[in-house]
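Each chain, written out:
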Amino acid sequence: VSGSDWSILAAPFLSVGWGWGLVWLGYLAAVLVLFAAFVGAVVDTLRRPTALDGELAIVEEGHALAELTGLLHDQLASMDIQGDNPEITKKVFERLVAAPAVSRFFFEHGVVFRDGERFEVVDLEGRGQVAVSLVAQRCLAQAGKAKSSDIMWIAREIASIKKKMEVAVREPAKRPPSDRGEFAAADDLLTARSAVSET
């Protein structure tokens, strides 16, 4: 308090008795603990992301998606590919990614693909062609930390396994016997379903 010493402030309490001096020290300790708790709560609140931060991130993501979609449409128009949401093949996708404007956008937004898996990451279904709107969304999912691209890679692997399982269940007779080990569970499931449906 403006240069006063704690002993000077405690002097009136100590003059009455040591008990009141201890009350003074307890009071000071309680005030300091409450002040530390208040400062900690304020700092924690300021460091925590707010709802506004989340909304701003969504708006920024929306702007980036619109910008990338526009860029892709411009590049497709220069390749004489028209339409509201045209399908993009691997060959067209590689040309799009190589375009200076698109590669600059990817660099500025931190879009990074795993080596040799650029189209495979956007073509999760494995159809060989993807709508331009999905290409833009899945490319932006590669932006930022490695976690994003890892999640997209896992999603692609799950889609691939799902496709194999669907084929295995649908067409068990078309597989050679050597594939029995890989699809044993699917064969057993198909046999069980057939037995249930016959009864």
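Quick summary incoming for the structure in this document.

Describing helix H4 (residues 90-98)
When we look at burial in H4, the residues that qualify are Val92, Phe93, Leu96 and Val97. Considered in projection along H4, the buried side chains sweep an arc of 135° and stay on one side of the axis. Looking at H4, the residues exposed on the side facing more than 90 degrees away from the buried face are Lys91 and Ala98.

What about the pattern of salt bridges?
Across all of its chains, the model carries one salt bridge by this definition. A salt bridge links Arg127 to Glu87, with the nearest nitrogen and oxygen atoms 2.9 Å apart. Placement of Arg127 in the loop between helix H6 (118-122) and strand E2 (129-131) and of Glu87 in strand E1 (residues 87-89) is noted, with a sequence separation of 40 residues between them. When its relative accessible area of 37% is taken as the criterion, Glu87 is described as partly exposed.

Focus: the packing of H4 against helix H5 (residues 100-109)
The geometry of H4 relative to H5 is characterised by a closest axis approach of 5 Å and an angle of 70° between their N-to-C directions. Judged by the angle between their axes, H4 and H5 are roughly perpendicular. Taking contact as the criterion, the partners of Leu96, Val97 and Ala98 in H4 are, on H5, Pro100, Val102, Ser103 and Phe106. Of the residues assigned to the contact of H4 with H5, the class counts are six nonpolar, one polar and no charged.

A look at the environment of Val112
Note that Val112 resides in the loop between H5 and H6. Given a relative accessible area of 52%, Val112 falls into the exposed group. Considering only alpha carbons, one finds Val112 and Ala143, 31 residues apart in sequence, at a separation of 6.2 Å.

A short note on the packing of aromatic side chains
Counted under the stated rule, the structure contains four aromatic pairs. Seen in terms of ring centroids, Phe93 and Phe119 are 5.6 Å apart; in terms of plane orientation they differ by 55°. Their pairing is tilted. One end of the pair, Phe93, is in helix H4; the other, Phe119, is in helix H6, with 26 residues separating them in the sequence. Relative accessible area serves as the criterion here: at 1%, Phe93 is assigned to the buried category. With a relative accessible area of 4%, Phe119 lands in the buried category.

Cut-offs and rules
Residues numbered from 1 in each chain as written. Predicted model: local features only at pLDDT ≥ 70, side-chain atom pairs only at ≥ 80, totals over all residues. Heavy atoms only, no water. Buried < 20%, exposed > 50% of the residue type's maximum accessible area, 1.4 Å probe, protein only. Helix = DSSP H or I, 4+ residues; strand = E, 2+ residues; numbered from the N terminus. Arc of directions from axis to C-beta. Salt bridge = Lys/Arg side-chain N within 4 Å of Asp/Glu carboxyl O. Axes fitted to C-alpha atoms, helices over the stretch in contact; angles between N-to-C directions. Parallel < 35°, antiparallel > 145°, perpendicular 65-115°, else oblique. Contact = heavy atoms within 4.5 Å. Nonpolar A, V, L, I, M, F, W, Y, C, P; charged D, E, K, R; others polar. Phe/Tyr/Trp six-rings, centres within 6.5 Å; stacked < 30°, edge-to-face > 60°.

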